[in-house]
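Chain and residue survey
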Amino acid sequence: MPKTLVVVYGPTGVGKTDLCVDLAQWLGCDIVSADSRQVFRELNIGVARPTEADLAAVQHWFIASHSVRERFSSGQYEQEALAVLEALFQRQEAVIATGGSMLYLHALCHGLDDYPPPDMALRARLNATMACEGVAALAAQLREADPVSWARIDLQNGARVLRALEVSLQTGIPFSQWQGREAKVRPFRIVKLGLTRPWPELRERIGQRVQAMMAQGLLDEVRSLIPLREHVPLKSVGYSEMFDHLDGACSLQEATERIVTNTYRYAKRQMRWWQRDEAIRWFHPGQREAIMEYLSAELGPLGNK
């Protein structure tokens with residue numbers, strides 16, 4: 001039986017962390033995070049980082065491992081995560097990967113597409129537009145150039161929007177058509193399972209989680225990050241709304257409600273992306289017995305230890 005990467009998909013707030021910690025303890029393995037915000041050490045409450053108890057129970061990789069001051073692309077994540085897996089598979093039969101970043105997970109499992117080198121003049125022009133008019137201006141252009149990417153990606157993530165628009169304009173081929181080409185061959189087996197909940201249930205959980213973040217001190221965390229607010233990770237959901245409040249653009253209640261709404265919209269984009277992958281076997285997080293049976297069948301003796 002080859003080494004196996006167990007990939008756990010699911011929208012934000014669905015309950016991936018709890019399940020993955022349990023599965024990792026069952027399998028005796030580490031967890032490789034594929035979350036494009038939890039990777040940054042400056043971000044904690046607003047990214048729902050695993051608790052200290054979770055981190056103590058199971059070794060996690062790519063949690064608070066990099067700084068927002070450094071650019072960290074999906075391509076860099078692919079290279080570094082594959083290196084970590086190579087080392088882990090020297091001593092583990094399986095490793096769990098989980099997270100909410102569609103591109104990180106795609107890069108890890110299938111590799112990123114070979115895009116052309118960037119046109120730096122075009123990139124500078126798009127960066128200037130984003131600085132002056134905001135990411136919404138680039139998102140409007142992306143909707144015209146590549147409506148498929150516009151519907152899929154996080155429109156508040158300036159780096160993602162800029163890159164999709166940049167490739168579309170530079171090549172004349174929509175960014176979405178560059179994606180999904182021939183997958184790279186990985187030297188390990190991949191087993192995919194997904195977690196899902198009915199939408200009303202998920203929205204309620206997202207609301208509860210945002211309220212918990214506020215109680216934990218999200219506003220104070222964001223206030224402490226004002227010197228770093230121009231870095232791309234700080235323009236994401238949970239941070240941009242709080243900065244708007246601190247700028248006087250909205251009340252604290254309005255900012256909190258916007259976080260819930262924007263998180264819920266992002267969860268829907270995540271599911272639209274992943275539901276195209278027929279290899280993912282979907283479960284409700286409460287179906288623990290069915291999940292264990294599925295993994296036991298897929299992993300053979302390893303899943304029956």
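Since we're looking at a predicted model, the values are computed, not measured. (Residues numbered from 1 in each chain as written. Predicted model: local features only at pLDDT ≥ 70, side-chain atom pairs only at ≥ 80, totals over all residues. Heavy atoms only, no water.)

Next up on the list: helix α5 (residues 120-133). The end-to-end C-alpha distance of α5, which contains 14 residues, comes to 20 Å, matching closely the 20 Å that a straight helix rising 1.5 Å per residue would cover. Every buried residue of α5 is listed here: L122, R123, L126, T129 and M130. Looking down the long axis of α5, one finds its buried residues gathered within 120° of arc, a one-sided arrangement. The exposed set on the far side of α5, more than 90 degrees from its buried face, consists of M120, R125, A131 and C132. You can read the cap of α5 off the contacts: a side-chain oxygen lies 3.0 Å from the backbone nitrogen of A121, and it is on D119. Just downstream of α5 lies G134, where phi reads positive at about 90°. (Helix = DSSP H or I, 4+ residues; strand = E, 2+ residues; numbered from the N terminus. Expected span 1.5 Å × (residues − 1). Buried < 20%, exposed > 50% of the residue type's maximum accessible area, 1.4 Å probe, protein only. Arc of directions from axis to C-beta. Polar contact = N/O pair within 3.5 Å; in protein donor to acceptor, adjacent residues only side chain to side chain.)

The next point concerns the sheet that holds strand β4 (residues 94-98). The strand order across the open sheet built from six strands is β3-β2-β4-β1-β5-β6, with neighbouring strands paired in parallel fashion. Two strands lie at the open edges of the sheet, namely β3 (60-61) and β6 (281-283), each paired on one side alone. Note: strand β1 (residues 4-9) against strand β5 (residues 189-195), six bridges, orientation parallel. Within β5, the position partnered with V6 by the bridge is V191. Relative to the sheet, helix α1 (residues 16-27) contacts β1, β2 (31-33), β3, β4 and β5, its axis offset from that of β4 by approximately 175°. (Pairing = 2+ DSSP bridges. Contact = heavy atoms within 4.5 Å. Axes fitted to C-alpha atoms, helices over the stretch in contact; angles between N-to-C directions.)

Bringing the packing of aromatic side chains into the picture now. One pass over the full model with this rule turns up seven aromatic pairs. With centroids separated by 5.6 Å and ring planes inclined at 70°, the aromatic side chains of Y9 and W274 adopt a geometry described as edge-to-face. A residue pair is termed long-range when its members are at least 10 positions apart, and Y9 in strand β1 and W274 in helix α13 (residues 252-274) qualify at 265 residues. With relative accessibility at 3%, the residue Y9 sits in the buried group. With centroids separated by 5.6 Å and ring planes inclined at 40°, the aromatic side chains of F89 and F188 adopt a geometry described as tilted. Placement of F89 in the loop between α3 (74-88) and β4 and of F188 in the loop between α9 (175-178) and β5 is noted, with a sequence separation of 99 residues between them. With a relative accessible area of 10%, F188 lands in the buried category. (Phe/Tyr/Trp six-rings, centres within 6.5 Å; stacked < 30°, edge-to-face > 60°.)

This part is about a positive patch on the surface. Residues R203, R265, K268 and R272 make up a contiguous surface patch of positive charge. At three residues, the largest contribution of residues to the positive patch is made by α13. Within the secondary structure, R203 sits in helix α10 (residues 199-216). (Patch = residues over 30% accessible without salt bridge, like charges linked within 9 Å, V, L, I, M, F, W, Y side chains within 5 Å. Areas by Shrake-Rupley, 256 points an atom, 1.4 Å probe, with all protein chains shown as cover. Salt bridge = Lys/Arg side-chain N within 4 Å of Asp/Glu carboxyl O. Lys, Arg positive; Asp, Glu negative; His and termini not counted. Charge placed at Lys NZ, Arg CZ, Asp CG, Glu CD.)

The tally for this structure, following the rule as stated, stands at 15 salt bridges. When the shortest N-O distance is used, the salt bridge between E78 and R186 registers 2.9 Å. Of this pair, E78 sits in helix α3 while R186 sits in the loop between α9 and β5, and the two are 108 residues apart along the sequence. The exposure class of E78 is buried, given its relative accessible area of 8%. Given the relative accessible area of 15%, R186 is considered buried. For K192, the salt bridge goes to D277, with nearest N and O atoms at 2.5 Å. With K192 in strand β5 and D277 in the loop between α13 and β6, the pair connects residues that are 85 residues apart, well separated along the chain.

Turning our eyes to something else, we now look at the environment of I206. Looking at where I206 falls in the secondary structure, it is placed in helix α10. Taking the relative accessible area as the measure of exposure, I206 reaches 1% and is therefore buried. Those residues in contact with I206, other than ones at most four positions away along the chain, are T12, V260, T263, Y264 and A267.

This next bit is on α10. Counted at 1.5 Å a residue, the expected span for α10 with its 18 residues is 26 Å, and the 25 Å between its end C-alpha atoms agrees. Within the sequence span of α10, burial applies to L202, I206, G207, V210, M213 and M214. The buried residues of α10 all sit within an arc of 140° when viewed along its axis, so they share a single face. Opposite the buried face of α10, by more than 90 degrees, sit the exposed residues P200, E204, A215 and Q216. Those residues of α10 that are buried are in contact with α11 (218-224), α12 (240-246) and α13.

Turning our eyes to something else, we now look at unusual backbone geometry. Positive phi values are uncommon outside glycine, yet A48 reaches one of about 50°. Relative to the assigned elements, A48 resides in the loop between β2 and α2 (52-57). On the accessibility criterion, A48 (22% relative accessible area) is partly exposed. For A64, which is not a glycine, the phi torsion comes out positive at approximately 55°. Mapped onto the fold, A64 is located in the loop between β3 and α3.

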